[in-house]
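Geometric and topological summary
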There are 2 protein chains.
Amino acid sequence: MPESPIRKLVPFANEAKKKGKHVYHLNIGQPDIKTPEVAIEAVKNFNLKVLAYSQSEGTEEYRTKLAAYYRDKNVNVSHSDIIVTTGGSEALLFAFGSIMDPGDEVIIPEPFYANYSGFTTASGATIVPIVSRIEDNFALPPIADFEKLITPKTKAILICNPGNPTGYLYSKDELKQLSELVRKHDLFLIADEVYREFCYDGAKHFSIMADETLHEHAIMIDSVSKRYSMCGARVGCLVSKNKSVISTALKFAQARLSPPTFAQIASEAALETPAEYFSEVIEEYVMRRDILVKGLETIPGVRVAKPKGAFYCVVELPVADTDHFAQWLLSDFDLNGETVMVAPAAGFYVTPGLGKNQVRMAYVLNCNELKKCVQILDQALKVYLSQ
Amino acid sequence: MPESPIRKLVPFANEAKKKGKHVYHLNIGQPDIKTPEVAIEAVKNFNLKVLAYSQSEGTEEYRTKLAAYYRDKNVNVSHSDIIVTTGGSEALLFAFGSIMDPGDEVIIPEPFYANYSGFTTASGATIVPIVSRIEDNFALPPIADFEKLITPKTKAILICNPGNPTGYLYSKDELKQLSELVRKHDLFLIADEVYREFCYDGAKHFSIMADETLHEHAIMIDSVSKRYSMCGARVGCLVSKNKSVISTALKFAQARLSPPTFAQIASEAALETPAEYFSEVIEEYVMRRDILVKGLETIPGVRVAKPKGAFYCVVELPVADTDHFAQWLLSDFDLNGETVMVAPAAGFYVTPGLGKNQVRMAYVLNCNELKKCVQILDQALKVYLSQ
């Protein structure tokens with residue numbers, strides 16, 4: 001298993017905290033947003049004598065309500081198209097395990113969520129990266145470039161939409177191009193749509209599952225972690241109209257017996273979350289994004305890919321090696337006893353050398369804290385570059 | 001992924017229920033025993049605003065209390081020797097993933113818990129079975145027989161103690177023999193000890209972790225599922241004093257982010273379960289075992305391996321093919337509208353042809369129901385054998 005790019009920094013962060021420094025965590029995707037009360041209350045009020053296994057594919061009640069949630073999003077699925085998983089992580093593992101044999105290849109636009117590497121390795125498959133660029137805001141690379149990478153071993157293309165770490169939201173046209181490509185070459189299109197609810201500036205999210213021509217090819221990965229700020233629930237799902245994918249994934253699900261019961265109770269109740277919860281959360285994230293992005297843009301030599309969704313952005317810094325810079329921020333710098341922790345972006349790329357001058361920042365802190373983070377980074381870069 | 005031997009029967013059970021038959025489930029390990037109130041109440045009373053990720057290795061609080069629980073069992077470990085997992089299933093996956101490469105071999109006494117096959121396959125490894133026999137009550141096969149199976153590809157021996165499906169409890173002497181063997185050949189000894197608390201007739205459980213000479217070789221698999229009747233929690237753990245195993249398993253843990261948070265709260269509180277809970281549960285299981293075993297022994301041609309632990313027994317029936325018999329029980333037989341569902345034992349063996357005249361029964365029903373099950377099986381065998 002490869003080591004996460006962030007993990008390497010953890011001992012330095014711990015050391016900084018021991019010395020009394022305050023560390024602002026821009027490095028992780030753990031939102032500070034409150035979990036909907038309806039979800040927490042459901043667990044507290046549930047009358048349960050035996051905490052028993054649920055069905056391996058998740059309770060029928062939860063899957064039925066989840067299908068209704070998706071139908072509201074123009075995704076016409078039924079409970080039997082859904083397998084509830086232990087987080088989106090397990091949904092990805094099941095998807096890879098169900099469609100790939102050792103030696104098979106999956107094409108993924110980079111930069112991508114670092115844990116995709118672990119899940120691919122665990123399935124014996126290989127990632128074939130295709131570069132998306134900060135200059136293009138990390139838009140979909142040209143379809144012709146994808147086509148050049150397709151071999152007899154290619155089984156799937158994987159996208160994250162909206163993207164972690166890029167914050168990019170694929171347009172309907174980009175998704176149509178991908179749809180044509182996977183149908184032409186008989187591949188799977190896997191879309192990690194866990195950030196679906198987080199789209200900004202009036203932009204609309206299009207699910208690959210809404211494209212009826214893709215039914216045999218599309219596998220959607222989802223999770224309650226970010227949607228309801230329930231990362232600790234560990235409930236996700238795999239959704240597909242392809243019966244063979246579902247029946248194979250079910251065998252993986254049966255081997256691990258069942259997803260967690262308490263968390264399914266919370267997740268089912270979370271579907272009743274009032275619409276205002278999301279509008280407030282989105283308003284908050286837009287404010288945060290604007291503070292962070294606009295703030296960063298005032299720093300000389302800094303370039304930001306403006307995110308249209310999720311709560312991350314990739315930031316280019318005027319330094320040669322962000323691994324070193326991120327470590328230095330923790331070990332050697334503070335502004336009035338405070339510093340920031342960022343995720344060096346090289347870990348989100350497979351192609352050697354890429355991302356070395358980029359970092360990912362998660363805007364999961366409140367507006368005042370984000371303002372301070374910008375000040376700290378501004379000052380830190382001045383000191384770092386003058387050394 | 002191979003199909004579970006029980007899953008094949010599920011459609012027949014569903015069909016039987018649709019026709020109005022009552023089906024007694026002797027086929028599954030879902031206890032009817034109540035979860036300790038202290039565990040349920042802890043979740044209800046927990047004041048939680050954001051259901052956040054926990055540490056990938058589990059919360060330090062929980063691991064610290066868990067280490068104290070093990071020290072009470074003569075297992076001298078600290079929180080840093082423990083990785084909390086999503087059920088015992090994930091602990092097995094992490095263990096296999098951490099010590100085995102594709103093509104490696106693990107020796108397992110058969111019959112064994114059918115899902116071991118899935119976890120082995122998922123790690124690209126191969127199971128080498130060694131037969132234990134109902135005539136010997138499924139005791140440890142002779143060490144010389146193990147030794148014959150060891151090749152340069154052998155990485156580990158896996159035991160389940162007390163055993164599912166056998167109910168066999170390994171003696172201190174048997175464990176000592178295994179300990180010498182794995183040290184001699186530099187192998188790992190993995191012990192699935194999830195049924196530790198369920199030992200009967202005053203028999204004592206010995207953990208492989210209590211053997212200090214085994215520290216570099218021993219990996220213990222554990223789970224709250226059976227111990228506290230919390231199968232739906234999905235909390236287990238991997239325990240080892242081998243630092244390299246722990247650090248590799250931690251990478252797998254980090255890739256799936258964290259174990260479920262609600263369930264860790266419940267599991268931590270469950271450690272406060274009063275001792276009477278276990279003495280009452282064990283008394284109940286002994287009564288059930290005695291009713292089932294003594295009842296079965298009165299049926300002509302039936303042989304039972306008397307279980308010393310867990311809540312399963314393997315039963316030899318006077319039929320040629322228990323796959324067929326188990327299906328027939330559901331499809332073609334009833335006694336006053338009632339029938340039983342059992343697990344054909346061939347699915348617990350790898351060696352072709354073995355276990356075809358055996359079934360596994362789980363005594364997870366109350367005493368009255370178990371008496372009825374015996375009556376139904378007695379009558380069913382008469383009808384089946386006269387056809």
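Small disclaimer: the values here were computed from a predicted structure and weren't measured. Within any chain, residue numbers begin from 1 and follow the written order of that chain's sequence. Each chain gets a letter, beginning with A, and each ligand a number, beginning with 1, in the order they are written. Owing to the predicted nature of the model, reporting of local features is limited to residues with pLDDT of at least 70; listing and counting of side-chain atom pairs is limited to 80 or more, with chain, interface and lining totals taken over all residues. Side-chain metrics in this entry use all non-hydrogen atoms of the structure; hydrogen atoms and water are not considered.

We now examine the overall build of chain A. Within chain A, the regular secondary structure consists of twelve helices and 13 strands. Relative to the 2.2 N^0.38 estimate, which gives 21 Å for 387 residues, the radius of gyration of chain A is 21 Å and therefore close to what a compact globule would have. At a minimum sequence separation of 6, the contacts of chain A that also span at least 24 residues come to 76%. Here chain A displays about 14400 Å² of accessible surface, and carbon together with sulfur accounts for 51% of that area. Of note, chain A has its 41 positive side-chain charges centred 2 Å away from the centre of its 47 negative side-chain charges. Only DSSP runs of H or I reaching four residues or more are called helices, and only runs of E reaching two or more are called strands; each is numbered from the N terminus. Our radius of gyration looks at C-alpha atoms and nothing else; its globule reference is 2.2 Å times the residue count to the power 0.38. Any two residues whose heavy atoms approach within 4.5 Å at even a single point are treated as in contact. All accessible-area figures derive from a Shrake-Rupley calculation using a 1.4 Å probe, and residue coverage is judged against the displayed protein chains alone. In this tally, Asp and Glu contribute negative charge and Lys and Arg positive charge; neither His nor the terminal groups of the chain are included. Where a charge sits is defined by one atom per residue type, namely NZ (Lys), CZ (Arg), CG (Asp) or CD (Glu).

Looking now at the sheet that holds strand S4 (residues 126-131) of chain B. Residue and element names in this part refer to chain B. One open sheet accounts for seven strands, arranged S2-S8-S7-S6-S5-S3-S4; its pairing is mixed. One side of each edge strand has no neighbouring strand; the edge strands of this open sheet are strand S2 (82-85) and S4. Here the average twist between neighbouring strands, direction ignored, is 20°. Bridge count between strand S5 (residues 154-160) and strand S6 (residues 188-192): five bridges; the pairing is parallel. Within the sheet, the bridge partner assigned to Ile157 lies in S6 and is Leu189. Simply put, an axis is a line fit to the C-alpha atoms, just over the touching stretch for a helix, and the angle between two N-to-C directions goes from 0 to 180 degrees. The strands touched by helix H9 (residues 243-255) are S2, S6, strand S7 (218-223) and strand S8 (236-239); relative to S2, the strand with the most contacts, the crossing angle is about 25°. For two strands to be treated as a pair, DSSP must find no fewer than two bridges joining them.

Facing 50 residues of chain B, the contacting portion of chain A comprises 49 residues. Summed over both sides, the interface between chain B and chain A buries roughly 3900 Å², with carbon and sulfur atoms accounting for 60% of that surface. Throughout this description, the term salt bridge denotes a Lys or Arg side-chain nitrogen within 4 Å of a carboxyl oxygen of Asp or Glu. Viewed at the interface, chain A and chain B are joined by zero salt bridges. Pairing of N or O atoms within 3.5 Å defines a polar contact, subject to two protein rules: one partner must be a possible hydrogen donor and the other a possible acceptor, and residues neighboring in sequence count only if both atoms are side-chain atoms. Counting the contacts that link chain B with chain A gives 21 residue pairs in polar contact (both at pLDDT 80 or more). Mapped onto the side of chain B that touches chain A, the elements with two or more residues apiece are helix H2 (37-45), helix H5 (115-122), helix H8 (224-227), H9 and helix H10 (261-270) of chain B. Looking at side-chain class alone, the side of chain B that touches chain A contains 25 nonpolar, 15 polar and ten charged residues. As used here, buried area is the combined drop in accessible area, with a 1.4 Å probe, of two parts when they are placed together. Polarity classes work like this: nonpolar for Ala, Val, Leu, Ile, Met, Phe, Trp, Tyr, Cys and Pro, charged for Asp, Glu, Lys and Arg, and polar for all others, with Gly in that last group.

This paragraph deals with the packing of helix H1 (residues 10-18) of chain B against helix H12 (residues 322-331) of chain B. Residue and element names in this part refer to chain B. It is at 8 Å that the axes of H1 and H12 come closest, and there the two elements cross at 20°. When the axes of H1 and H12 are compared, the pair comes out roughly parallel. Taken as a pair, H1 and H12 cross one another with a handedness that is left-handed. Touching Phe12, Ala13 and Ala16 of H1 are Gln327, Leu330 and Ser331, all from H12. Tallied by class, residues from the contact of H1 with H12 come to four nonpolar, two polar and no charged. For classification, angles of less than 35 degrees are called roughly parallel, those exceeding 145 degrees roughly antiparallel, those between 65 and 115 degrees roughly perpendicular, and all remaining angles oblique. Rotating anticlockwise by less than a right angle from the far helix to the near helix defines a left-handed crossing, while the corresponding clockwise rotation defines a right-handed one.

Our focus in this paragraph is the relation of the copies chain B and chain A. Taken as rigid bodies, chain B and chain A are interconverted by a rotation of 180° and an axial shift of 0.0 Å, the fit giving an RMSD of 0.0 Å. In the structure described here, the two chain copies are related by an operation that fits a two-fold rotation axis. Minimal C-alpha separation from the rotation axis in chain B is found for B:Lys44, amounting to 2.1 Å. Same-surface contact between copies: 98% of interface residues of chain B are shared with the interface of chain A. Least-squares superposition aligns the copies on the C-alpha atoms of those residues with pLDDT at or above 70 in both.

With that settled, consider helix H3 (residues 60-72) of chain A. Helix span, as expected, comes to 1.5 Å for every residue beyond the first. Between its terminal C-alpha atoms H3(A) stretches 19 Å, which fits the 18 Å expected from 13 residues at 1.5 Å a residue. The positive-phi residue at the C-terminal boundary of H3(A) is A:Asn74, with phi of around 70°.

Residue and element names in this part refer to chain A. Working definition: rings of Phe, Tyr and Trp (its six-membered ring) pair if their centres are within 6.5 Å, and the pair is stacked with planes under 30 degrees apart, edge-to-face with planes over 60 apart, and tilted otherwise. Taken as a whole, this structure holds 37 aromatic pairs over all chains when the rule is applied. With a centroid separation of 5.2 Å and 65° between ring planes, the pair formed by Tyr69 and Tyr70 is classed as edge-to-face. Burial classes follow relative accessibility: with a 1.4 Å probe on protein chains only, a residue under 20% of its type's maximum area counts as buried, one over 50% as exposed, and anything between as partly exposed. Given a relative accessible area of 11%, Tyr69 falls into the buried group. Taken together, the aromatic side chains of Tyr195, Phe198, Tyr285, Phe311, Tyr312 and Tyr363 make up a single cluster linked through ring pairs.

All names here are of chain A. Strand order in the open sheet formed by four strands is S9-S10-S13-S12, with antiparallel pairing between adjacent strands. Each having just a single partner strand, strand S9 (303-304) and strand S12 (343-344) make up the two edges of the open sheet. Two strands pair when backbone bridges link them, and S12 and strand S13 (residues 358-362) are joined in this way by two bridges, in the antiparallel orientation. The partner of Pro344 across the bridge, within S13, is Val359.

Moving on: unusual backbone geometry. The step from A:Asn161 to A:Pro162 runs through a cis peptide bond, and the omega angle for that step is -5°. Its place among the elements puts A:Pro162 in the loop between strand S5 (154-160) and helix H7 (172-184). Here the residue pair A:Asn164 and A:Pro165 is connected by a cis peptide bond, since its omega of 15° sits within 30 degrees of zero. Within the fold, A:Pro165 resides in the loop between S5 and H7. Residue B:Leu257 is not a glycine yet carries a positive backbone phi of 75°. One non-glycine residue with positive phi stands out, namely B:Ala310, at about 55°. With respect to the helices, strands and loops of the structure, B:Ala310 is situated in the loop between strand S9 (303-304) and strand S10 (312-316).

We now examine H7(A). Compared with the 18 Å implied by 1.5 Å per residue over 13 residues, the 18 Å span of H7(A) between its first and last C-alpha is a close match. Packed against the buried residues of H7(A) are helix H6 (143-149), S5 and strand S6 (188-192) of chain A.

This brings us to the pairing of S2(B). Residue and element names in this part refer to chain B. Burial along S2 is two-sided: Ile82 and Val84 and Ile83 and Thr85, pointing in opposite directions, are all buried. Inspection of the sheet shows S2 paired to S8 by four bridges, in the antiparallel sense. Bridge assignment links Thr85 to a residue of S8, and that residue is Gly236.

Once that is clear, we can look at the pattern of salt bridges. All names here are of chain A. In total, this model carries 40 salt bridges over all chains according to the counting rule given. Salt-bridge contacts for Arg196 lead to Glu193; the nearest nitrogen and oxygen are separated by 3.7 Å. With respect to burial, Arg196 and Glu193 carry one shared label: buried. Salt bridges linked by common partners bring Glu193, Arg196, Asp222 and Arg227 together as one network.

As a further point, take the domain arrangement of chain A. Residues and elements named next belong to chain A. An automatic or database domain assignment supplies the start and end points of every domain. Looking at the assigned domains, one finds that chain A contains domain 1 (10-34 + 276-386) and domain 2 (37-270). Between domain 1 and domain 2, the C-alpha centre-to-centre distance is 27 Å. With 33 residues of domain 1 in contact, the opposing surface of domain 2 contributes 31 residues. Across the interface of domain 1 and domain 2, roughly 2800 Å² is buried in total on both sides, 61% from carbon and sulfur atoms. Of all residues in domain 1, Phe278, Lys308 and Phe348 give up the largest surface area on contact with domain 2, accounting jointly for 23% of the area buried on that side. The interface formed by domain 1 and domain 2 holds one salt bridge in total. Salt-bridge contacts for Arg289 lead to Asp201; the nearest nitrogen and oxygen are separated by 2.8 Å.

Residue and element names in this part refer to chain A. Across the interface, helix H4 (residues 87-99) lies against helix H5 (residues 115-122) with an axial gap of 9 Å and an inter-helix angle of 40°. What the angle tells us is that H4 and H5 run oblique. Crossing geometry of H4 relative to H5 is assigned as right-handed. Where H4 approaches H5, its residues Ser89, Leu92, Leu93 and Phe96 are matched on the opposing element by Tyr116, Phe119, Thr120 and Ala122.

All names here are of chain B. Among the structural elements, Ser279 can be located in helix H11 (residues 275-297). Residue Ser279 is classed as partly exposed on the basis of its relative accessible area of 42%. For the pair Ser279 and Phe198, spaced 81 residues apart in sequence, the C-alpha separation works out to 9.7 Å. One polar contact links the side chain of Ser279 to the main-chain carbonyl oxygen of Glu276, over a distance of 3.0 Å.

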